[in-house]
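Commentary on secondary and tertiary structure
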Amino acid sequence: MNFIINASVLIFSAVIFFYLKAHRNTDANSREDFWKRELAANSTRRKPLDDLAYITIPVDEFPMTLLEDVPKVDDYKQIILSLSELPVVNFTGLSNTELKLRYGAPNLDLLIRYDQNYTLLVRTLQQWAQLLYDAGHIDEACHMLEFSVSTGTDVSSTYRLLCQIYQEQHTPDKINRLYPIAETLNSAMQKTIVRILQESDQSAG
């Protein structure tokens with residue numbers, strides 16, 4: 001019996017040893033690959049930015065005259081107006097290394113600002129739309145959310161509220177239009193957003 005127990009312990013120890021060794025080798029290879037890519041990225045020269053998917057904000061389509069007595073709404077309006085005059089690009093899911101490889105290391109700071117503008121845009125649209133929805137301006141909130149989704153936002157609250165509006169407007173079939181967008185998101189939030197759509201589909205059914 002002792003022999004069997006000792007043999008089992010040895011086998012188990014050997015398995016753990018080889019697993020840890022393989023895991024360390026994998027980590028080492030991953031680190032080596034990362035630093036190779038980072039070195040290549042830092043050596044990438046500046047490239048033209050003409051082909052970037054710049055986002056045009058349709059300010060004229062937004063409800064600028066609604067809820068004028070709400071201070072937060074005025075803040076949101078000013079943010080959107082300011083962003084409409086700045087370059088806005090969605091780089092969600094792309095690392096700094098990938099940005100440098102694509103567009104050149106000297107452009108990185110500029111691209112980060114463009115992406116920060118985008119993050120501010122979709123967060124502001126979500127907050128503004130929520131206030132509109134809470135105040136009963138459903139169509140205006142819906143239009144704002146749909147624009148945000150069209151830009152590839154990964155703000156889960158945007159999809160959740162939009163699905164809720166579709167259900168309340170008795171147009172749950174519109175939820176199906178969101179799947180192709182959600183499934184192509186280059187974001188860690190993709191699975192969460194797809195799950196939101198699926199849950200909304202089920203509750204609508």
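Residues numbered from 1 in each chain as written. Predicted model: local features only at pLDDT ≥ 70, side-chain atom pairs only at ≥ 80, totals over all residues. Heavy atoms only, no water.

Notes on helix H3 (residues 96–103)
Every buried residue belonging to H3 is among Thr97, Leu99, Lys100 and Tyr103, and all of these are buried. Along H3, the residues classed as buried sweep out an arc of 165° about the axis, all on the same side. Phi turns positive, to about 95°, at Gly104, one or two residues after H3. (Buried < 20%, exposed > 50% of the residue type's maximum accessible area, 1.4 Å probe, protein only. Helix = DSSP H or I, 4+ residues; strand = E, 2+ residues; numbered from the N terminus. Arc of directions from axis to C-beta.)

Let's talk about a negative patch on the surface
On the surface, Glu68, Asp69, Asp74 and Asp75 cluster together into a patch of negative charge. Considering the arrangement of structural elements, one finds Glu68 in the loop between helix H1 (2–42) and helix H2 (71–83). (Patch = residues over 30% accessible without salt bridge, like charges linked within 9 Å, V, L, I, M, F, W, Y side chains within 5 Å. Areas by Shrake-Rupley, 256 points an atom, 1.4 Å probe, with all protein chains shown as cover. Salt bridge = Lys/Arg side-chain N within 4 Å of Asp/Glu carboxyl O. Lys, Arg positive; Asp, Glu negative; His and termini not counted. Charge placed at Lys NZ, Arg CZ, Asp CG, Glu CD.)

A few points about the packing of aromatic side chains
Across all of its chains, the model carries four aromatic pairs by this definition. Here the aromatic rings of Phe62 and Trp128 are separated by 6.1 Å at their centres, their planes lie at 75°, and the arrangement is edge-to-face. Remark: Trp128 occurs in helix H4 (residues 108–134) and Phe62 occurs in the loop between H1 and H2; sequence separation between them is 66 residues. A centroid spacing of 5.8 Å and a plane angle of 65° characterise the contact between Phe62 and Phe147, whose relative ring orientation is edge-to-face. With a gap of 85 residues between them, Phe62 in the loop between H1 and H2 and Phe147 in helix H5 (residues 138–150) connect regions that are remote in the sequence. Of the two residues, Phe62 and Phe147, both sit in the buried class. (Phe/Tyr/Trp six-rings, centres within 6.5 Å; stacked < 30°, edge-to-face > 60°.)

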